[in-house]
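Descriptive structure summary
The residues making up each chain are set out below.
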Amino acid sequence: MLRSALKLALLQRSVALYNAQEGVRPALASVVRLNQQNYASTAAKTQVREIEPEPEQASEPKVAQDRPEAEVDPASSSGTKSFGFGMFMGQVAPEQVFPFPEVMNEEQREFLQMLVDPVNKFFEEQNDALKNDMIEKVDDPTMQGLKEMGAFGLQVPQDLGGLGLSNTQYARLVEIVGEYDLGVGITLGAHQSIGFKGILIAGNPEQKAKYLPKLASGETVAAFCLTEPASGSDASSIKTRAVLSDDGKHYILNGGKIWISNGGLAEIFTVFAQTPVPDGKGGTRDKVTAFIVERSFGGVTNGPPEKKMGIKASNTAEVYFEDVKIPLENVLGEVGGGFKIAMHILNNGRFGMAAALSGTIKGVIKKASDHAANRTQFGEKIHKFGAIQEKLARMAMVQYVTESMAYMLCANMDQGSKDFQIEAAISKIYGSEAAWFASDEAIQILGGMGYMRDCGVERVMRDLRIFRIFEGTNDILRLFIALTGIQFAGKNLQELQRALKNPLGNMGVLASAASKRVKRKLGLSSGPSLQQYVDSSLSSQATQVSKAIDNFGGTVEDVLMKYGKKVVEEQFLLKRVADAAIDIYGMVAVLSRASRSIQRGDASADYEKMICTVFCNEASERVAANLATVTSGRSDFKLMRDIAEEVVEKNQVVQEHPLGF
């Protein structure tokens, strides 16, 4: 009786502390707005799930319900199969991660294999990445070849002129593009991954039939128009505006967009603009609406191509709209529902970036390993030196992790998963940072040769820099991961509160929750066992992951109880929560994949086991260090905040020069 009472008291205290802080949902709304695109383009993207498409085009567009634009569709704490959400409660949702998912049937696999070799051959023999970079465009023969291959409509249904690829099939092809030329990848991605993706996910049958065939063939090119000078990460603050004409037959669009990939090439634009919608009180309020805009409507112009650090082959320009008449039938989705469409486009697209960047890392590994195998210094091939071996090993390791994340995620999407936003954000962050790291190390191995244009790696590095900025900056996405997961965990505490009101009817739920808390307080593991899901030779790695998930769930709960809704202000802590989540997802992805390879007897099984072992060893240490920092309340954070404020106030470094002048 005493033991049961102790458990129940501890559980009641946890819920009471959480409720005293009012939860995090109200504050999350303001930060989820930051989960936006900061630079409108991407190297490679994905298929999407439908967002309630209209069965037919109505004479007047529907108006979205009046609810806060920043809201995201919350996952149910009891219904989601997402591993990403589950780990925020210290739980494992095994369905999507164990065993490593395989979703293609034999027909899909054969069709994909038929495409891989021709695409590889095209990029090896016809595309000239260095030339594209120098002339700052994809040359005309390459563009025509891409159109003839069907590369402009990879996921458009076959009955509308596309190839109709699944997410997994698409990922495999954009991986090839990412290996050879990210500038071409941006051109293709800006067209289909975001440019006309809104038509795929929210267009009605008439809109799809009208626009997709020409877009799939490349006869027309598309662009995604969201970013403005005053609205980068905070997309809901856009100023571009569309108002209904006096005769009620058109929307009149005015405004401008910046950094639009394909902005100077596109004939079809997905444009997001503020529109007045009824507020339910007799007045109106502005909400974002998505429109399909044709250049032929008139009033659409663009500036000259931007001069950029990288991805020079892609066209990036400002786009201006002056009194553009948009027919009512060109509203995409509901009036006032554009913010949700933009979020779905971006969330659905992030896995494709990880797939493309896994290909980029493959490419730089080939160049670095070839040089290391043939370069002689001090009487030895340089691959014999430990310093070079560590670089190559780490490059191979981050490639394996990126690739594992990408294909686990796209398989989940092909299986119909809807709650993949955390995993997608993780894969984008990890992939973009891993590719930057690997390219930097490749240049170091190559030495002076790597610094030269003809080698090609310096171009790759310039191209890569933007990937940590667009599709949501990595800094913003870290906040998104942490706060989305914390919100989910907070909902679980609320459900426990409801259970406490009827303890006799919910004894099993309460006993389980209380037992976990008692074990954590006593320093005992309460985490889920993964032993049944992995090969026995990876048992110790499975234990590392289990412990990390358990500690992570406990830390999230502690953060919730300590900060409540004010956690939104604790960005130093949130970054470390997100970093721990990224490492945990990486560990699970490689553990699952390596186990599959071992159990199938793959030729690379021993190699994959080594990567899994090293990564889990190091990642588990990083997780423990980050979680310890979160719970310790280090004063360094306040000092860093003060240092930053002084720098901003002085607009320069603050200390005196060591020479005094």
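Reference entry: report on the structure contained in this document. As the structure is a prediction and not an experimental result, all values here were calculated from the model.

So, how was this worked out
Residues numbered from 1 in each chain as written. Predicted model: local features only at pLDDT ≥ 70, side-chain atom pairs only at ≥ 80, totals over all residues. Heavy atoms only, no water. Salt bridge = Lys/Arg side-chain N within 4 Å of Asp/Glu carboxyl O. Helix = DSSP H or I, 4+ residues; strand = E, 2+ residues; numbered from the N terminus. Buried < 20%, exposed > 50% of the residue type's maximum accessible area, 1.4 Å probe, protein only. Axes fitted to C-alpha atoms, helices over the stretch in contact; angles between N-to-C directions. Parallel < 35°, antiparallel > 145°, perpendicular 65-115°, else oblique. Left-handed = near helix turned anticlockwise from the far one by under 90°. Contact = heavy atoms within 4.5 Å. Nonpolar A, V, L, I, M, F, W, Y, C, P; charged D, E, K, R; others polar. Core = buried A, V, L, I, M, F, W, Y, C linked by side-chain atoms within 4.5 Å. Polar contact = N/O pair within 3.5 Å; in protein donor to acceptor, adjacent residues only side chain to side chain. Pairing = 2+ DSSP bridges.

**Concerning the pattern of salt bridges**
What the rule picks out here adds up to 27 salt bridges. A salt bridge links Arg 596 to Glu 102, with the shortest nitrogen-to-oxygen separation between them at 3.5 Å. On the criterion of sequence distance, the pair formed by Arg 596 in helix 19 (residues 571-600) and Glu 102 in the loop between helix 3 (83-87) and helix 4 (106-125) is long-range, its members being 494 residues apart. When its relative accessible area of 18% is taken as the criterion, Arg 596 is described as buried.

**Here we look at the packing of helix 18 (residues 539-563) against helix 19**
Where helix 18 contacts helix 19, the two axes come as close as 10 Å, and the packing angle between them is 155 degrees. As summarised for this structure, helix 18 and helix 19 are arranged roughly antiparallel, according to the angle between their axes. The two elements helix 18 and helix 19 meet at a crossing, and its hand is left-handed. In this structure, helix 18 uses Gln 541, Ala 542, Val 545, Ala 548, Ile 549, Phe 552 and Tyr 563 to contact helix 19, whose residues at the interface are Leu 573, Val 577, Ala 580, Ala 581, Ile 584, Met 587, Val 588 and Leu 591. Taken together, the residues of the contact of helix 18 with helix 19 sort by class into 14 nonpolar, one polar and no charged.

**A closer look at the nonpolar core**
Ranked by internal contacts, the top residues of the largest apolar core, which has 132 residues, are Phe 88, Ile 481 and Phe 552. Tallying contributions element by element places helix 19 first for this core, with 15 residues. Beyond its immediate chain neighbours, meaning those up to four positions away, Phe 88 contacts Ile 422, Ile 481, Ala 482, Gly 485, Ile 486, Ala 489, Phe 552, Gly 553, Val 556, Val 577 and Ala 581. Among the nonpolar cores identified, the runner-up in size contains 29 residues, and Ala 222, Leu 226, Val 288 and Ala 290 belong to it.

**Observations regarding the side chain of Gln 541**
By the secondary structure assignment, Gln 541 is in helix 18. Polar contacts involving the side chain of Gln 541 include one to the side chain of Ser 540, which spans 3.1 Å. Residues contacting Gln 541, with those up to four places away along its chain left out, are Leu 591, Cys 612, Thr 613, Cys 616 and Asn 617.

**Focus on the pairing of strand 2 (residues 241-244)**
As paired elements, strand 2 and strand 3 (residues 250-261) share four bridges and run antiparallel to each other. In the sheet register, Leu 244 faces strand 3, and the bridge partner there is Tyr 251. Here strand 2 folds back onto strand 3 in antiparallel fashion, the turn holding five residues, of which Gly 248 has a positive phi close to 70 degrees.

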